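# Inside the fold
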Amino acid sequence: MDAAYVTAIGVIVSAAVAGAAAVHGSRVAGRAQREGTALTGYDNLTQRLVAERDKAETDQARAEDRVEVLELEVARLRQLVIQLGGTP
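Okay, so let's go over this structure. Residue indices begin from 1 for each chain and proceed along its sequence in written order. Where local features are concerned, this predicted model is filtered to residues with pLDDT of at least 70; where side-chain atom pairs are given and counted, the filter is 80 or more; whole-chain, interface and lining totals use all residues. As a rule here, side-chain values cover all heavy atoms of the structure and leave hydrogens and water aside.

### As for the overall build of the protein
The following threshold applies: Only runs of H or I of at least four residues qualify as helices and only runs of E of at least two qualify as strands under DSSP, and these elements are numbered from the N terminus. Two things to know: the radius of gyration comes from C-alpha atoms, and the globule rule equals 2.2 Å times the number of residues to the power 0.38. When accessible area is computed with a 1.4 Å probe and restricted to protein chains, residues below 20% of their type maximum are described as buried, those above 50% as exposed, and intermediate ones as partly exposed. Per-residue and other accessible areas follow the Shrake-Rupley method at a 1.4 Å probe size, with only the shown protein chains counted as cover for residues. Working convention for charge: Lys and Arg count positive, Asp and Glu count negative, and His plus the chain ends are omitted. The atoms used to mark charge sites are NZ of Lys, CZ of Arg, CG of Asp and CD of Glu.
Looking only at helices and strands, the protein has one helix and zero strands in total. For the protein, whose C-alpha radius of gyration is 37 Å, the value lies well above the compact-globule estimate of 12 Å for 88 residues. Projected onto the principal axes, the alpha-carbon positions of the protein cover approximately 125 × 15 × 5 Å. A burial count over the protein gives 1% of its 88 residues as buried. For the protein, the accessible surface area stands at approximately 7,700 Å², while carbon and sulfur atoms represent 62% of it. On the protein, the mean spot of the 10 positive side-chain charges and the mean spot of the 12 negative ones are 4 Å from each other.

Here you go:
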């Protein structure tokens, strides 16, 4: 084997290794980007769900307060009906 033949084989092997490394690096970078996007999306979704849950809890507390007020009003009106001689 002469020097030119060995050099040509070396260049071919080097090109194949460099290509394989580039493909592997590209896959790793793509995977990292997808995972980063997934985590960002998960964080945004979590924040929206927490805000929605907080609003639902506030709405429920208001509704419960309103029920109490209405129950007191019903009791007052029943008493008034009884005082006026009616049957509730």
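So that's the structure; there's more coming.
### Here's the deal with a nonpolar patch on the surface
Applicable threshold: Nonpolar side chains (Val, Leu, Ile, Met, Phe, Trp, Tyr) are joined into patches within 5 Å and like charges within 9 Å, using only residues with over 30% relative accessible area and no salt bridge. Salt bridges are counted wherever a side-chain nitrogen of Lys or Arg sits within 4 Å of a carboxyl oxygen of Asp or Glu.
On the surface, a nonpolar cluster with roughly 250 Å² of combined accessible area is contributed by Ile 9, Val 13 and Val 17. Here Val 17 is to be found in helix α1 (residues 3-83). Overall, Val 17 belongs to the exposed group, its relative accessible area being 54%.

### Description of a negative patch on the surface
A cluster of acidic residues, Glu 64, Asp 65, Glu 68 and Glu 71, forms a negative patch at the surface. Here Glu 71 lies in helix α1.

### A look at the pattern of salt bridges
Any two side chains of opposite charge can pair, given that their charged atoms come close. Tallied over the entire structure, the rule returns four salt bridges. Here Asp 54 ties to Arg 53 by a salt bridge, and the two come within 3.1 Å at their closest N and O atoms. Residue Arg 53 is classed as partly exposed on the basis of its relative accessible area of 45%. Between Arg 76 and Glu 73 there is a salt bridge, with its nearest N and O atoms 2.8 Å apart.

Note that all results are geometric; they support no functional claim without further evidence.
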